[in-house]
Amino acid sequence: MTSTNHSDFRVAILQLTVVAHKPTNVAIAVKRIQKAQINGCTLVILPECFNSPYDTALFRQYSEAIPGGETCKALSQAAKSNKVYIVGGSIPEICDEKIYNTCTVWDPDGNMIAKHRKVHLFDVNIPGSTCFKESSTISPGNSLNTFQLGKFKIGLGICYDIRFSEMAALYRKQSLLFKCDMLIYPGAFCTEIGPLHWSLLTRFRAMENQAFVAVASPARNTDSSYVAWGHSMIVDPWGKVIDEATEKDMDLYIDLDFGIRANIRQQIPTENQRRTDIYDTIYVANNEKNK
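Figured I'd write up the structure that's included with this text. (Residues numbered from 1 in each chain as written. Predicted model: local features only at pLDDT ≥ 70, side-chain atom pairs only at ≥ 80, totals over all residues. Heavy atoms only, no water.)

This next bit is on the overall build of the protein. The number of helices and strands found in the protein is seven helices and 15 strands. Taken over the C-alpha trace, the protein has a radius of gyration of 18 Å; the compact-globule value for 291 residues is 19 Å, and the two agree within 12%. Its C-alpha atoms give the protein principal-axis dimensions of about 50 × 45 × 40 Å. Counting only residues that meet the buried cut, the protein has 56% of its 291 residues in that class. Taking as baseline every contact in the protein between residues at least 6 positions apart, the subset at least 24 positions apart corresponds to 70%. Accessible surface computed for the protein: about 12,600 Å², of which carbon and sulfur atoms make up 51%. With 31 positive and 30 negative side-chain charges, the protein shows a separation of 3 Å between the mean positions of the two kinds. (Helix = DSSP H or I, 4+ residues; strand = E, 2+ residues; numbered from the N terminus. Rg over C-alpha atoms; globule rule 2.2 N^0.38 Å. Buried < 20%, exposed > 50% of the residue type's maximum accessible area, 1.4 Å probe, protein only. Contact = heavy atoms within 4.5 Å. Areas by Shrake-Rupley, 256 points an atom, 1.4 Å probe, with all protein chains shown as cover. Lys, Arg positive; Asp, Glu negative; His and termini not counted. Charge placed at Lys NZ, Arg CZ, Asp CG, Glu CD.)

Our focus in this paragraph is unusual backbone geometry. The phi torsion of most residues other than glycine is negative, and most of the peptide bonds are trans. With an omega dihedral of 10 degrees, the bond running from isoleucine 66 to proline 67 counts as a cis peptide bond. Unlike most non-glycine residues, aspartate 96 shows phi in positive territory, near 50 degrees. On the secondary structure map, aspartate 96 appears in the loop between strand S4 (91-95) and strand S5 (98-106). For aspartate 96, a relative accessible area of 54% corresponds to the exposed category. Even without a glycine there, the phi angle at cysteine 159 is positive, about 45 degrees. Turning to its location among the elements, cysteine 159 is positioned in the loop between strand S10 (152-156) and helix H4 (165-172).

Along the chain, the position of aspartate 123 falls in strand S7 (residues 123-125). Spatially, the C-alpha atom of aspartate 123 lies 30 Å from that of isoleucine 28, the residues being 95 residues apart in sequence. Ignoring any residue separated from it by four or fewer positions in sequence, one finds aspartate 123 in contact with Phe132, Lys133, Glu134, Ser135 and Tyr160. There is a polar contact of 2.5 Å between the side chain of aspartate 123 and the side chain of serine 135. (Polar contact = N/O pair within 3.5 Å; in protein donor to acceptor, adjacent residues only side chain to side chain.)

Below is the structure:
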């Protein structure tokens, strides 16, 4: 746990071991949420696919409707009973027979206040290393999504979304639509790619957007068909890693001081220095059906 002299709120990142039994995964998450609340956390972040194995062959089997499914009901109750905000990592969502990799957000009254479907799907083929095609089962989301925690706006992505700087730049961009103070990416990088790219991408997104960035991975389970890198972390707007997990099942509790973000944006005012007369990043609104 990291402390600061001044804290706007405390965040928990829960690096959970995921097994091939949904009720067990959900029950463990609920217990750890309660523990985070006891430790003074206002915001709790779960990993990508925290209720199911990360396996394209199993996504449909583990999928459920949002918000009516059993996992959502458990998260809603956990948020309400513990009076915390919960970023529910991601779960396989079924809607109109399509499967999505979806993150839900719950407020302290148990209301779902945001939902983000993974926009960029993990389709990679690295000879001798990793071959994974998420699009064989998953459909992509078509919108960017934020939620409000007090005076702070937080942008959402899932895992592979972090590789696309344009998406993060839109969350940072000064407009009524976004202007985020923090970005959260539940993710499950594999052990082949994680060592080189996980920390690097997280620090880049934090530094270039002058925002806090949190990434939440499952713990490493070598019995799984897909082995996650672990190393959940949170990075400050300077690009400094505030706290980082190992590969093991564990929780991080971190106090966040958003005064740091304001100071950095004043000292290095990149937003005002962008040459939008030469280049710009624009958001094409898409009112996603059944969102």
